[in-house]
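Here is how the chains run, residue by residue.
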Amino acid sequence: MFTRSLKAQFIEAFTLLILLSSCFLAAITGREASSEARYERGLLLTNRVQSLAKALDQSMWFWIKEVDTLRHTVGLLGPDMNKISTAINRLHDTMPAFAWIGLMDSKGYVVSSTGGVLQGTDLSICAIFHQGKNGLFVGDVRRANLLGQLLPHPEEIPLKFVDISMPIDQGELKGWVIVAHLSWTWAREVEEFILSGEGSDTNTKITVLSEDGIPILGGDSTTEPLALPLLQQLENSPSAWAVEPWPDGTSYLTAAVRCSGFKDYDGLQWSVVAQQSLEAAYGPVRRLVARILVAGLALAALFALVAGYIAQRVIAPLKALSDAADKLSKGERVSIPRKQDIREIEVLSTSLSTLVDNLTRTERDRNRIQHTAERDALTGLLNRHGLAARIEEAMPDLQQHQGIVELLYMDLDGFKPVNDTYGHHVGDSVLTILGQRLSGCLRKDDVLVRLGGDEFLALLSHRNGTPDILRTVRRIRETVGAPISTEGLLLHIDISIGHATWHCTQESVEDALKRADGALYMAKKAAKGPSDAP
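Predicted model, so just to flag it, every value in this text is computed and none were measured.

The rules behind each value
- Residues numbered from 1 in each chain as written.
- Predicted model: local features only at pLDDT ≥ 70, side-chain atom pairs only at ≥ 80, totals over all residues.
- Heavy atoms only, no water.
- Helix = DSSP H or I, 4+ residues; strand = E, 2+ residues; numbered from the N terminus.
- Buried < 20%, exposed > 50% of the residue type's maximum accessible area, 1.4 Å probe, protein only.
- Contact = heavy atoms within 4.5 Å.
- Areas by Shrake-Rupley, 256 points an atom, 1.4 Å probe, with all protein chains shown as cover.
- Phe/Tyr/Trp six-rings, centres within 6.5 Å; stacked < 30°, edge-to-face > 60°.
- Core = buried A, V, L, I, M, F, W, Y, C linked by side-chain atoms within 4.5 Å.
- Polar contact = N/O pair within 3.5 Å; in protein donor to acceptor, adjacent residues only side chain to side chain.
- Pairing = 2+ DSSP bridges.
- Axes fitted to C-alpha atoms, helices over the stretch in contact; angles between N-to-C directions.
- Nonpolar A, V, L, I, M, F, W, Y, C, P; charged D, E, K, R; others polar.
- pLDDT = per-residue confidence, 0-100.

Before we move on, could you go through the overall build of the protein and cite the residues and values that matter?
Looking only at helices and strands, the protein features 13 helices and 17 strands. The buried share among the 534 residues of the protein stands at 39%. Within the protein, contacts between residues separated by at least 24 positions form 60% of all contacts whose residues are at least 6 apart in sequence. Surface exposure of the protein reaches about 30,700 Å², of which carbon and sulfur atoms provide 55%.

Shown next, in the form of structure tokens:
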């Protein structure tokens, strides 16, 4: 009776402890989850705004480079107005974002323009001329009443432009100015693209502000600066987020980012602001917290019932096992009870021992699976996943030492005809042989990756000395170009190589790979010769 009474008291105490602990943990978890969710939501909104700000700056840089390319083209064409007009109209046709492009002579008269619009007009008093004569000029978003009357557009939507102008500094047209009016509609397309991405919702509103805080995209059709305390934080930080009241009297989750330009484009000091209603931002979190509390209480009650049942079934066999262990410790000869409950406990002990062995094997299996996931099944070289893992592992050391890595982007020439003519088994044999040859051309600490198909990538580190790129490329070409004997065939394969230097502290590996891929494209194009070019 005493043992049974003690068991009952233990079950009651355990049940009460579980209930109280579950309620307490559910409350704490709910509070922490709410705080974490609010933080993550703010960061998510900030990241989205940063993406839009970056996209705007990168787009502006792109348009500036297009105008700069046109400027050099016009400078080379000289006074041939027909060719200049053709070049201007071709850029206008291929880049619809340019609403109007014109060429102004040294006195400010438009001598050539898209569609002849404003041709012969004196624009010498405009900033696009007298500031464009001195160098690159990028004007802020503005309405263009004159062009608004001459260019087709929906009447209810006023035209807005960003002005870009720069001087021609070469040839007979030196001192003339190339001018482009960039239609502001591309900014709306960038915004819609960002908001339509993964995790987007319709409750997020984006506003782009000029340097003086006046909305130039999104927002109301007001010309008054948007007064938000959060914007003041952008003077000391590139981004910020908070819950702030807006002029309409409603508080929103707000994120703001200052556009900082891109590469050699310094930007126009625009600010991008996103607002999201608190219901949309925190509604799911509040519902989740409520569910956690209810589920926690229900789980605590259920667990208490299960614990009580298990206690009754387990405590008695455990006590019998404990008594047997005590007798064994005293040197007494005793047999282990063979009751059903004891058998389950014995199985549990055996399972625990087996679990340790399994964990050891699982670790080996995990390493094997990881090796399989990061290696190309055919050549045994690293694949794209292995490349990403290797770069992530080496990145801290590269950044600490301002590491430089040489990238060789390689593509086999003539492999597809071999694969198509002799079959995939011959193609696989060729890839395996060439993978071994390429490995032999590299240093011990260099990395070789099969990107897929007949594409390979070599990463040559500067850590143990500057690699001799020309010598390495020559060795690769000679080694790959040697005859390949397989399946009774004697085959010849060439290789094209694109080179790029990756400064890991200045750009991402993706950008460097794009440059290497572009270099590969140019190498293949040069190898074909002008007659083979498309």
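A description of the packing of aromatic side chains should follow, citing residues and the corresponding values.
Taken as a whole, this structure holds 4 aromatic pairs when the rule is applied. Measuring from centroid to centroid gives 5.3 Å for tryptophan 61 and phenylalanine 262, while their planes differ by 80°, and the two rings are edge-to-face. Placement of tryptophan 61 in helix α1 (residues 2–77) and of phenylalanine 262 in the loop between β10 (251–258) and β11 (271–277) is noted, with a sequence separation of 201 residues between them. Between tryptophan 63 and phenylalanine 98 the ring centres are 5.5 Å apart and the planes differ by 80°, which places this aromatic pair in the edge-to-face class. Taken as a pair, tryptophan 63 in helix α1 and phenylalanine 98 in strand β1 (residues 98–104) lie far apart in primary sequence, 35 residues in all. Classification of tryptophan 63 by relative accessible area gives buried; the value is 11%. Owing to a relative accessible area of 0%, phenylalanine 98 belongs among the buried residues under this scheme. Site record: aromatic cluster; members linked through ring pairs are Phe62, Trp63 and Phe98.

Explain the nonpolar core to me, using residue names and the numbers behind them.
With 44 residues, the main nonpolar core has Met60, Phe98, Leu103 and Val272 as its most contacted residues. For phenylalanine 98, the contacting residues outside a window of four places in its chain are Trp63, Glu66, Val67, Leu91, His92, Ala180, His181 and Leu182. In this structure, Leu381, Leu412, Leu438 and Val473 belong to the second largest nonpolar core, which totals 26 residues.

How would you sum up the side chain of arginine 71? Please name residues and give values.
Here arginine 71 lies in helix α1. Here proline 167 takes part through its backbone oxygen, which lies 3.0 Å from a polar atom of the side chain of arginine 71. Arginine 71 has contacts with Met166, Pro167, Ile168, Asp169 and Ile178, leaving out every residue within four places of it along the chain.

Go over the sheet that holds strand β12 (residues 404–413), please, and point to the residues and values.
As summarised here, the arrangement of the 4 strands in space is β13-β14-β12-β17, forming an open sheet in which the pairing is antiparallel. Pairing within the sheet leaves two strands with one partner each, and these edge strands are β13 (447–452) and β17 (494–503). Going from strand to strand, the sheet's axes swing by 20° on average, the running direction of each strand aside. Sheet contacts for helix α11 (residues 424–440): β12, β13, β14 (455–461) and β17; angle to β13, the most-contacted strand, approximately 150°. Packed onto the sheet, helix α13 (residues 509–528) meets β12, β14 and β17 and runs at close to 145° relative to β17.

Lay out the packing of helix α10 (residues 415–422) against α11 in plain terms, naming residues and giving numbers.
The interhelical angle for the contact between α10 and α11, taken along N-to-C directions, is 140°, at an axis separation of 6 Å. Contacts between α10 and α11 pair Phe415, Val418, Asn419 and Tyr422 from the former with His424, His425, Val426, Gly427, Val430 and Leu431 from the latter. Residues of the contact of α10 with α11, tallied by class, amount to 6 nonpolar, 4 polar and no charged.

Summarise the environment of aspartate 68; cite the residues concerned and give the values.
With respect to the helices and strands, aspartate 68 occurs in helix α1. Here the alpha-carbon distance between aspartate 68 and isoleucine 168, two residues 100 residues apart in the chain, equals 9.3 Å.

Provide a residue-level description of the pairing of strand β6 (residues 177–183), including the pertinent values.
On a regular strand, one side chain projects to one face of the sheet and the next to the other, so that they alternate. Counting buried residues along β6, 7 of its 7 residues qualify, which places the element largely inside the surrounding structure. In this structure, β1 lies alongside β6, joined through 6 bridges in antiparallel fashion. Each residue of the ladder has a partner; that of phenylalanine 98, found in β6, is leucine 182. Pairing of strand β5 (residues 160–167) with β6 involves 7 bridges; the strand directions are antiparallel. Considered in β6, the bridge of aspartate 163 is made with histidine 181.

I'd like a rundown of the environment of serine 461, residues and numbers included.
Relative to the helices and strands, serine 461 is located in strand β14. In this structure, the C-alpha to C-alpha distance between serine 461 and valine 447, residues 14 residues apart in sequence, is 8.5 Å.

Any details on the confidence of the model for the protein? Residues and values, ideally.
Confidence in the prediction for the protein averages 77 pLDDT; 68% of positions are at 70 or higher. Helix α12 (residues 469–481) holds the highest mean pLDDT among the elements of the protein, 93, whereas helix α4 (residues 145–150) holds the lowest, 52. Of the regions scoring below 50 in pLDDT, residues 1–6 engages in 0 contacts with residues more than four places distant in sequence or in other chains. Segment residues 348–357: pLDDT under 50, and 0 contacts once partners within four positions in sequence are set aside and those in other chains are kept.

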